[in-house]
Amino acid sequence: MNDKINSVAVLGAGTMGAGIAALAADQGCKVLLLDINDEAASKGKNAMTADRNPLLKDLSKIENVKIGNFNDNFSDINQYDWICEVVVERLDIKRQIFENIEKYRKDGSVVSSNTSGIPLRDITENMSDRLLKDVCITHFFNPVKIMKLCEVIPGEKTLEVNLNKLKVFISDILGKGVVNAKDTVNFIGNRIGCYWMLKGLHEGKNAREEGISQEISDALMSRPMGLPPTGLYGLIDLIGLDVMYSVGKNLSINLPKDDDGLKYVNLPDEEQKLYDNGQLGRKTGGGFYRIQKLDNGDKLKEVYDLGSGDWREARKIDMEKDLNVILEDSNYGLYSWKVMGSTLMYAADLIPEIADDIVNVDRAMKWGFAWAKGPFEMIDELGPFKCIEKCKKLGSVPKMLQILEGSGEKSFYTDDGKFMDISGTYKKISD
Ligand SMILES: NC(=O)c1ccc[n+]([C@@H]2O[C@H](COP(=O)([O-])OP(=O)(O)OC[C@H]3O[C@@H](n4cnc5c(N)ncnc54)[C@H](O)[C@@H]3O)[C@@H](O)[C@H]2O)c1
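Residues numbered from 1 in each chain as written. Predicted model: local features only at pLDDT ≥ 70, side-chain atom pairs only at ≥ 80, totals over all residues. Heavy atoms only, no water.

> Describe the overall build of the protein, with residues and values.
The secondary structure content of the protein amounts to 17 helices and 13 strands. The C-alpha atoms of the protein give 23 Å as radius of gyration, which agrees with the globular expectation for 431 residues (22 Å, within 12%). Taken along the three principal axes of its C-alpha coordinates, the protein extends 65 × 65 × 40 Å. For the protein, buried positions account for 53% of its 431 residues. Put simply, 66% of the contacts in the protein that link residues at least 6 apart link residues at least 24 apart. Working note: accessible area of the protein is about 19,800 Å², and carbon and sulfur atoms make up 47% of it. Across the protein, 56 positive and 66 negative side-chain charges occur, with their mean positions spaced 2 Å apart. (Helix = DSSP H or I, 4+ residues; strand = E, 2+ residues; numbered from the N terminus. Rg over C-alpha atoms; globule rule 2.2 N^0.38 Å. Buried < 20%, exposed > 50% of the residue type's maximum accessible area, 1.4 Å probe, protein only. Contact = heavy atoms within 4.5 Å. Areas by Shrake-Rupley, 256 points an atom, 1.4 Å probe, with all protein chains shown as cover. Lys, Arg positive; Asp, Glu negative; His and termini not counted. Charge placed at Lys NZ, Arg CZ, Asp CG, Glu CD.)

Right, dumping it as structure tokens:
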């Protein structure tokens, strides 16, 4: 049995499949890229050397990539050490691909799915023990070439030795940051990130009535929080309201019954109307924002004002605030607490449900969502005891903050590289 991975078969040559295949080819691995037909596979291969934004860093590495289709070339996967399934997000299709993987793969190969939200136990239900000991989820983030995060999620029977072989390959060869997640809905990054986005949409109406326009909201939910400049509405424009709609449906089925996120799984009325009208975001020429080309060649940024239901020129906002606005007693402060503060508290309540420790949560948000700091680093900056005090006034204190309070310590991290674990004691942070 190979103790190292040298070759990868990627099944599905779309956005993510082509990205993962290019990542491995760039590092000199032999790559097989398959899709439903040769045309779909060629499209993925062409994206690797495209004139604009090629997926490969070194275009000559295209020689490492062989393509084919599921009908004629499936059995070729028996030459490859890691089989990575990256087809459309549909349980029935993924299960069918997995059945074929199991039929053809060689002993000792590892198998993963790149699903963004389907539980591994559903994909592998009733499959053989031979597969179950070699299988996991590898959740890369888009664009694969740029985003550092890969969440790795084992199944109940996955052997540690096989999981480690894949984790070492992903970190040491592919150069990604591995985060250990669990087989829970949306794993870590999307569980917290989608709560932030959906809660943000739901707070929008009250915020508008308080004079906080979408532009002000995005100005608050970006630099002051250490988040990317798109803010909240701008990020949803990038992702697409259709994706947010499906994410909400998946959460409504799979979130635990007492999860606070269940209150926000449906789009608010105004956003639902946009969804119904096909105004989904950048992919449809505009969602919450759009860029208009003027007759004189200039560009005009417009915002779709959810209050008036019409387009108007977007205002530039100079936002002077920093993270501490979250605890301010002002309308900006109350809004920031309701959106960002509540997201931090949500994250602080999800250990050990979604991750064993705070380090994996913080890394997921920094590496997958480009947050400058993770939730627990932000709570440390705000002052954990100020947050505890606020939570007590509001009703309940999240689990990790209770643990911190009970420990007698003052922060989640120490200056000498330690973090607070679930027992309330400090442990060294590993690489
Ligand atoms: N796009 C993202 O931002 C993102 C991020 C993380 C994970 N994911 C996950 O990665 C997986 C792939 O997503 P994507 O964005 O690359 O999608 P995509 O639509 O770009 O590619 C999907 C591929 O699946 C193939 N396919 C379609 N129908 C099929 C069928 N019946 N049988 C087999 N293959 C079929 C398509 O030809 C296509 O090449 C999904 O599970 C998705 O949830 C996506």
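> Now, about the site of the ligand: what can you tell me, with residues and values included?
In the vicinity of the ligand, 19 residues are found, and the nearest of them are M16, D35, E89, K94 and S116. N114 is positioned with one of its side-chain polar atoms (N or O) 3.2 Å from an oxygen atom of the ligand. Between N142 and the ligand, the recorded distance is 3.3 Å, taken from a side-chain N or O atom to an oxygen atom. Elements that contribute at least two residues to the shell around the ligand include exactly helix 1 (15–26), helix 4 (91–104) and strand 6 (135–140). Taken together, the residues that form the shell around the ligand break down as nine nonpolar, seven polar and three charged. (Near = heavy atom within 4 Å. Polar contact = N/O pair within 3.5 Å; in protein donor to acceptor, adjacent residues only side chain to side chain. Nonpolar A, V, L, I, M, F, W, Y, C, P; charged D, E, K, R; others polar.)

> A description of the domain arrangement of the protein should follow, citing residues and the corresponding values.
The extent of an interface is frequently quoted as the accessible surface area lost upon association of the parts. Partitioning the protein into domains gives domain 1 (7–180), domain 2 (189–313) and domain 3 (345–428). Between the C-alpha centres of domain 1 and domain 2 the distance comes to 31 Å. (Domains from an automatic or database assignment.)

> I'd love a proper account of the pairing of strand 6, names of residues and values included.
Most of strand 6 sits out of view: six of its six residues are buried. Judged by which residues are buried, strand 6 turns out to be covered on both faces: V135, I137 and H139 on one side and C136, T138 and F140 on the other are all buried. Pairing geometry for strand 5 (residues 110–113) and strand 6, over three bridges, is parallel. Paired with S113 across the strands is I137, a residue of strand 6. Looking at chain direction, strand 6 and strand 7 (residues 149–154) are connected through five bridges and run antiparallel. Bridge assignment links C136 to a residue of strand 7, and that residue is P154. (Pairing = 2+ DSSP bridges.)

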